[in-house]
Amino acid sequence: NAFELNGTLKGSARDVSFDMALQAAGGRLNLTGTAQPIAVEPSFDVAVTAVHPNLAELARALTGDVRLDPGLGGLDLKAQVAGTTKRFAVSGLSGQIGPTEVSGSLGADLSGPRPAVTADLVTGVLPDRKSVV
């Protein structure tokens, strides 16, 4: 599958800033932020925007799964993702997944023996199961 990646990287392997745009599978992913990839505990702070006009096509492109209803709609999400490889948070999540509006935050702590995931999400009306599978 064809893709196009454009952007800038500035800094060093210890502290890098970036502004990247990926167009692939009929959609767009923008990543803008900073990262410290070779620190003792690598960290990042990234603004993410993901847009695709059709969730069924996106699922097929990423996984080969064709079970989603092609009329379900698209994807249009924005969020800030920050943390480390062991603990991170998704804040300011807003947008739409198919016909459903979503907003809120998520967090994950993978540092202990049991992963801990937190979520504070608000959604609009969720589609019935028949349109998803």
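Calculation rules
- The numbers attached to residues start from 1 for each chain and follow its sequence in the written order.
- Whole-chain, interface and lining totals are the exception, using all residues; otherwise, since this is a predicted model, local features are given only for residues with pLDDT of at least 70 and side-chain atom pairs are given and counted only at 80 or more.
- Side-chain descriptors were evaluated using all non-hydrogen atoms of the structure, hydrogens and water having been removed beforehand.
- Scored from 0 to 100, pLDDT reflects the predictor's confidence in each residue.
- Think of it this way: any DSSP run of H or I at least four residues long counts as a helix, any run of E at least two long counts as a strand, and we number them from the N terminus.
- Only buried residues count toward a nonpolar core. Its members are Ala, Val, Leu, Ile, Met, Phe, Trp, Tyr and Cys residues joined through side-chain atoms within 4.5 Å.
- Whether a residue is buried, partly exposed or exposed follows from its accessible area with a 1.4 Å probe, protein chains only, as a fraction of its type maximum: under 20%, in between, or over 50%, in that order.
- Residues count as neighbours in contact if any of their non-hydrogen atoms are within 4.5 Å of one another.
- One requirement defines pairing of two strands: DSSP has to find at least two bridges between them.
- Only protein atoms enter the 1 Å grid used here. Points where a 1.4 Å probe fits but cannot escape make up a cavity, open sets with protein on both sides within 12 Å along at least five of seven lines make up a pocket, and a residue lines them when an atom lies within 4 Å of a point.
- Grid points are joined across faces, edges and corners, and a volume is the space filled by probe spheres set on the points.
- Polar here means any residue other than Ala, Val, Leu, Ile, Met, Phe, Trp, Tyr, Cys and Pro, which are nonpolar, and Asp, Glu, Lys and Arg, which are charged; Gly is therefore polar.

### Regarding the confidence of the model for the protein chain
- Put simply, the protein chain has an average pLDDT of 92, and 95% of its residues get 70 or more.
- Mean pLDDT in the protein chain bottoms out at helix H2 (residues 129-132), which sits at 57, and peaks at strand E4 (residues 43-52), which reaches 98.

### Quick notes on the nonpolar core
- Membership of the largest hydrophobic core is limited to eleven residues, which are Ala-50, Leu-55, Leu-58, Leu-72, Leu-75, Leu-77, Ala-79, Val-81, Val-90, Leu-93 and Val-102.
- Those elements that place two or more of their residues in this core are helix H1 (55-63), strand E5 (75-84) and strand E6 (87-97).
- With four residues, E5 is the single largest residue contributor to this core.
- Setting aside chain neighbours within four positions, we find Leu-93 in contact with Leu-77, Lys-78, Ala-79, Val-102, Ser-103, Gly-104 and Leu-121.

### Topic: the pairing of E6
- Strand direction decides the pairing type here: E5 and E6, joined by eight bridges, are antiparallel. The partner of Ala-82 across the bridge, within E6, is Ala-89.
- Looking at chain direction, E6 and strand E7 (residues 100-109) are connected through nine bridges and run antiparallel. The partner of Ile-97 across the bridge, within E7, is Thr-100.
- Linking two consecutive strands that pair antiparallel, namely E6 and E7, is a turn of two residues; a positive phi of about 60 degrees is found at Gly-98 within it.

### What about the layout of surface pockets?
- Of the volumes computed, that of the largest pocket is approximately 190 Å³.
- In terms of lining, the largest pocket is formed by Leu-22, Ala-24, Ala-25, Gly-27, Arg-28, Leu-29, Ala-50, Val-51, His-52, Leu-58, Leu-62 and Leu-75.
- Those elements giving two or more residues to the lining of the largest pocket turn out to be strand E2 (16-24), strand E3 (27-36), E4 and H1.
- For the lining of the largest pocket, the class distribution of residues is nine nonpolar, two polar and one charged.

### With respect to the environment of Thr-123
- Within the secondary structure, Thr-123 is located in strand E8 (residues 116-123).
- Between the C-alpha atoms of Thr-123 and Glu-101, which are 22 residues apart in sequence, the distance is 5.4 Å.
- Residues within four places of Thr-123 in sequence aside, it is in contact with Thr-100, Glu-101 and Val-102.

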